Structures are given as structure tokens and as C-alpha cells.
Amino acid sequence: QRRFSGGPKLLKGLIPAFGWLRHYHPGDLKGDLSAGAIVAIMLVPQSMAYAMLAGLPPVMGLYASTLPLFIYALFGSSRQLAVGPVAMVSLLVFAGLSSLAEPKSEEYIRLVLLLSFLVGIIQVALGFLRMGFLVNFLSHAVISGFTSAAAIVIWVSQAHHLLGIPSSGGHSFLHLMEGIAQHIGETHSMTLILGMASIGVLVFFKQKFPSFPSPILVVLGGTISVYGLGLDRLGVKIVGEIPQGLPSLSFPGLGLTELESLLPAATAILFVGFMESISVAKLIAAKEKYKVDSSQEFKALGLANVISSFFSAYPVTGGFSRTAVNYQGGARTGLASMITACLVVLTLLFFTPFFFQKTS
């Protein structure tokens, strides 16, 4: 009996989810179901948008919102962290690889999957070396400055979508501003009206009803408007058809030269993504009075990236806004993320044909 008494404790140490699954409280199910469904509705359009920001086909955002969520739920130490594609990591992927290959090309996608594998391997290694304490040496001022700068670049990089003008093709702030200035006279009025109306709704609900999931309302309203009024026939660009089904197993080729060229981008994604993840995870853990293990977080995110890179998923981490929605939605355990992943899988299997219906 003594020989096996430490078994559950050891298993819990290897797979943290074993602890909450073994002692799951039925009263938590309602909150987990609610949060999982709310985040899934938010994540489907959001993940496709982030994939486009990364220079990838929209469907890869959905691929990155399935298996990584399961893996993190099993190995992560945070009960409410919502893992998946995020804006800053997507921007870093595009900035790091757009000079190496044409975005959305087969070579670009292969490099992105290789990048995801590289990021994950480094994260797992740091986790097993118990290097979670490294986050304590990253200045809050530096992280805050980087986050603010990234937000500005993300906004500018999406301005051509808001204005309905051609993209400059670059990723630096000055290059993007130059492209906007060159094509500002080609602004598509209907696209701009739709975009500004969406921003107005988001700002209104953020100020008046901050807990209301306004992005869902904007997505539904925009979709209904485009389909019902046939705005795509008036020049409003839409995503178009999304492939149906789950990704197949793939093995991105490894090359020493390629790994060297990807290392700078992998390092930036590693630390920036981890800081975003660990900061929001610790914030919520403090409110819920439990501890988050930084080294275990390295392992969980690393495993999510390594394994998922073989299934067409690009680098993921925990996101601020999505985690907040998950927490406010009532998430009590990692089951909420598993439910989110299941709903995204169902979307890929059965509902992607409904994303694009040609107007007559």
C-alpha cells in the first residue's frame, strides 16, 4: 500500500489535469460549459483573423484552436487560461517569416510549422530545466512598451482592411504608413462604413457593458449585413470558402540553415508569448487563490506547440482578452478549454460550408 500511495501524487505532478479531473465538482460543470461555448463562438472568427494577420490561410487559425487547447488543459497549471492564436504572436510570425517566403505560399506555411516546432522544443526544454524564474528578470516597463508598440503596429497593419485598399506588403511601421498614404485615395466607402460601425459598437459596449461579449455581436451583425445586403457584390472583401475537415498529419522538413534563420523569431515569440500568458494566468490565479507554476507553463505551452506543429497549427499562447472572457464566462477548470476545442472541431467538421454562401 505504501509503495503505490504516491502514485496519484506523481501522476498529478506529470499531468496537472489529473488533480482536477479526479476531484471534479459537479457544480463546476455549468460554468465550464458556459465559458467553453462563449469562448468557442468568439474564437472561431478571431482565430481566422489572427491567422490572416500572420500571413496564413484563415483555416490554420481554426487548426491552432483545437489540439493545443486539449494539450494545455492537460498539462497547464492554470485553470482559466485560454490558449490559442493571439495578435502579438501572429504579428511576430509575419514579421519574422515574410522576408523568407511569400505569405500563404507552401514554403511559408512549412516554415511557420517549423517555427512552431522550434518554439515548442525550446519551451519544453526551459520547463524541464525549471527556468520559469526567468520571467522575473523581464522588466514590466520593457514588456509594457513592447505591448504598446505591437498594438500600434497591429492597428496600422490592419488599416488597409478597414479602408478597403491594397496592402503595402511590408510589416514595418514606416512601410505600412507609406502604403496607406499611397493608396488612401482608393478608400472603399462601404468597407470603411462597415468597419467604423463595428468599432463604434465595440467601444460603446466596452464603456457601457464591459462584461458583454460584444465581439460576438459584431461578427454576427457584420455577417448578416454582408449576406443580407449582398455587400460582397459591392466590393466588400470577405474570407470566402473555408476547407472542411480536420488537418492531416504532416512533418515539416528540418534544416540547420532554416533553424538558424528562424531562431530570432522563435526567441521573440517564446518570451513575448510566454509573458502574455503567465501574466494573465497569475492575475486570475491570485483572485482564485491558487498558484501557477511558471516552469510547468513552459512545459504545457511547449508541448502544445510541438505536437500541434504536426497538425498544421502555428504558435499559440494564452491570450489576455480570451482568458478574461473565459473567466467571466464562469470557467472553473481546464474542462472549459476542452469544451471550446470540441466545439471548434465540430465547426471544422460540419459548419465551415455555412461560412461562405454566395449571394444571388
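Residues numbered from 1 in each chain as written. Predicted model: local features only at pLDDT ≥ 70, side-chain atom pairs only at ≥ 80, totals over all residues. Heavy atoms only, no water.

### Some details on the overall build of the chain
Next, step 1: Across its full length, the chain holds 16 helices and two strands.
Next, step 2: Taken over C-alpha atoms, the radius of gyration comes to 21 Å for the chain, in line with the 21 Å a tight globule of 360 residues would show.
Next, step 3: In terms of principal-axis extent, the alpha carbons of the chain reach across some 75 × 50 × 40 Å.
Next, step 4: Within the span of the chain, comprising 360 residues, buried residues form 47% of the whole. (Helix = DSSP H or I, 4+ residues; strand = E, 2+ residues; numbered from the N terminus. Rg over C-alpha atoms; globule rule 2.2 N^0.38 Å. Buried < 20%, exposed > 50% of the residue type's maximum accessible area, 1.4 Å probe, protein only.)

### Points about helix α11 (residues 189-208)
Next, step 1: For α11, which comprises 20 residues, the first-to-last C-alpha distance of 28 Å matches the rise-based estimate of 28 Å (1.5 Å per residue) to within 8%.
Next, step 2: Of the residues making up α11, those classed as buried are T191, G195 and F205. The arc that holds the buried residues of α11, viewed along the axis, is 100 degrees, so those residues lie on one side. Turned more than 90 degrees from where α11 packs its buried face, S189, I193, Q207 and K208 sit exposed.
Next, step 3: On the buried face of α11, the contacting elements are α9 (159-163) and α12 (214-229). (Expected span 1.5 Å × (residues − 1). Arc of directions from axis to C-beta. Contact = heavy atoms within 4.5 Å.)

### Concerning helix α3 (residues 29-53)
Next, step 1: Spanning 25 residues, α3 covers 35 Å between terminal C-alpha atoms, matching the ideal 36 Å at 1.5 Å per step.
Next, step 2: Of the residues flanking the end of α3, it is G55, one or two places downstream, whose phi is positive at about 80 degrees.

### Remarks on the pattern of salt bridges
Next, step 1: Scanning the model with the defined rule gives five salt bridges in all.
Next, step 2: Linking D28 and R332 is a salt bridge whose minimum nitrogen-to-oxygen distance equals 3.9 Å. One end of the pair, D28, is in the loop between α2 (17-22) and α3; the other, R332, is in the loop between α15 (320-328) and α16 (335-351), with 304 residues separating them in the sequence.
Next, step 3: Exposure remark for R332: the relative accessible area of 33% places this residue in the partly exposed category. (Salt bridge = Lys/Arg side-chain N within 4 Å of Asp/Glu carboxyl O.)

### What about the nonpolar core?
Next, step 1: Among the nonpolar cores identified, the biggest contains 71 residues, and L56, V93, L97, Y108, L115 and Y314 are the most heavily contacted of them.
Next, step 2: Counting residues per element, this core draws most heavily on helix α13 (residues 256-288), which supplies 13 residues.
Next, step 3: Discounting residues that sit within four places of it in the chain, L115 has contacts with V93, L97, L262, A265, A266, I269 and P315.
Next, step 4: Counting six residues, the second largest nonpolar core, distinct from the first, contains A17, A73, M338 and I339. (Core = buried A, V, L, I, M, F, W, Y, C linked by side-chain atoms within 4.5 Å.)

### What about the packing of helix α6 (residues 87-97) against α13?
Next, step 1: Interhelical geometry of α6 versus α13 gives an angle of 170 degrees and a closest axis separation of 10 Å. The orientation of α6 relative to α13 falls into the category roughly antiparallel. Residues M88, V89, L92, V93, G96 and L97 of α6 lie in contact with α13, whose contacting residues are L262, A265, A268, I269, V272, G273 and E276.
Next, step 2: Class assignment for the residues of the contact of α6 with α13 results in 10 nonpolar, two polar and one charged. (Axes fitted to C-alpha atoms, helices over the stretch in contact; angles between N-to-C directions. Parallel < 35°, antiparallel > 145°, perpendicular 65-115°, else oblique. Nonpolar A, V, L, I, M, F, W, Y, C, P; charged D, E, K, R; others polar.)

### Quick word on the environment of L259
Next, step 1: Structurally, the position occupied by L259 is in helix α13.
Next, step 2: Residues L259 and F137, spaced 122 residues apart in sequence, show a C-alpha to C-alpha distance of 26 Å.

### Quick word on the confidence of the model for the chain
A low pLDDT score tells you not to read the predicted coordinates there in detail.
Next, step 1: This prediction gives the chain a mean pLDDT of 86; 91% of its residues lie at or above 70.
Next, step 2: The weakest mean pLDDT in the chain belongs to helix α1 (residues 7-14) at 57; the strongest belongs to strand β1 (residues 83-84) at 96.
Next, step 3: Here residues 1-5 is modelled with pLDDT under 50, and outside its nearest four sequence neighbours on either side it reaches zero contacts, counting other chains as well. (pLDDT = per-residue confidence, 0-100.)

### Focus: a nonpolar patch on the surface
Next, step 1: On the surface, a cluster of nonpolar side chains totalling about 740 Å² of accessible area is made up of L246, L343, L346, L349, F350, F351, F354 and F355.
Next, step 2: As for its position among the elements, L346 is in helix α16. (Patch = residues over 30% accessible without salt bridge, like charges linked within 9 Å, V, L, I, M, F, W, Y side chains within 5 Å. Areas by Shrake-Rupley, 256 points an atom, 1.4 Å probe, with all protein chains shown as cover.)

### A short note on the packing of aromatic side chains
Next, step 1: The tally for this structure, following the rule as stated, stands at six aromatic pairs.
Next, step 2: Plain terms: the ring middles of F204 and F205 are 5.4 Å apart, the flat faces sit at 90 degrees to each other, and that makes the pair edge-to-face.
Next, step 3: Accessibility expressed as a relative area gives 43% for F204, which makes it partly exposed.
Next, step 4: An aromatic cluster is present here, built from F204, F205 and F209 joined pairwise through their rings.
Next, step 5: When the ring centre of Y290 is taken as origin, the NZ or CZ atom of R79, which lies over that ring, is 4.1 Å away. (Phe/Tyr/Trp six-rings, centres within 6.5 Å; stacked < 30°, edge-to-face > 60°. Lys NZ or Arg CZ within 6 Å of the ring centre and 35° of its normal.)

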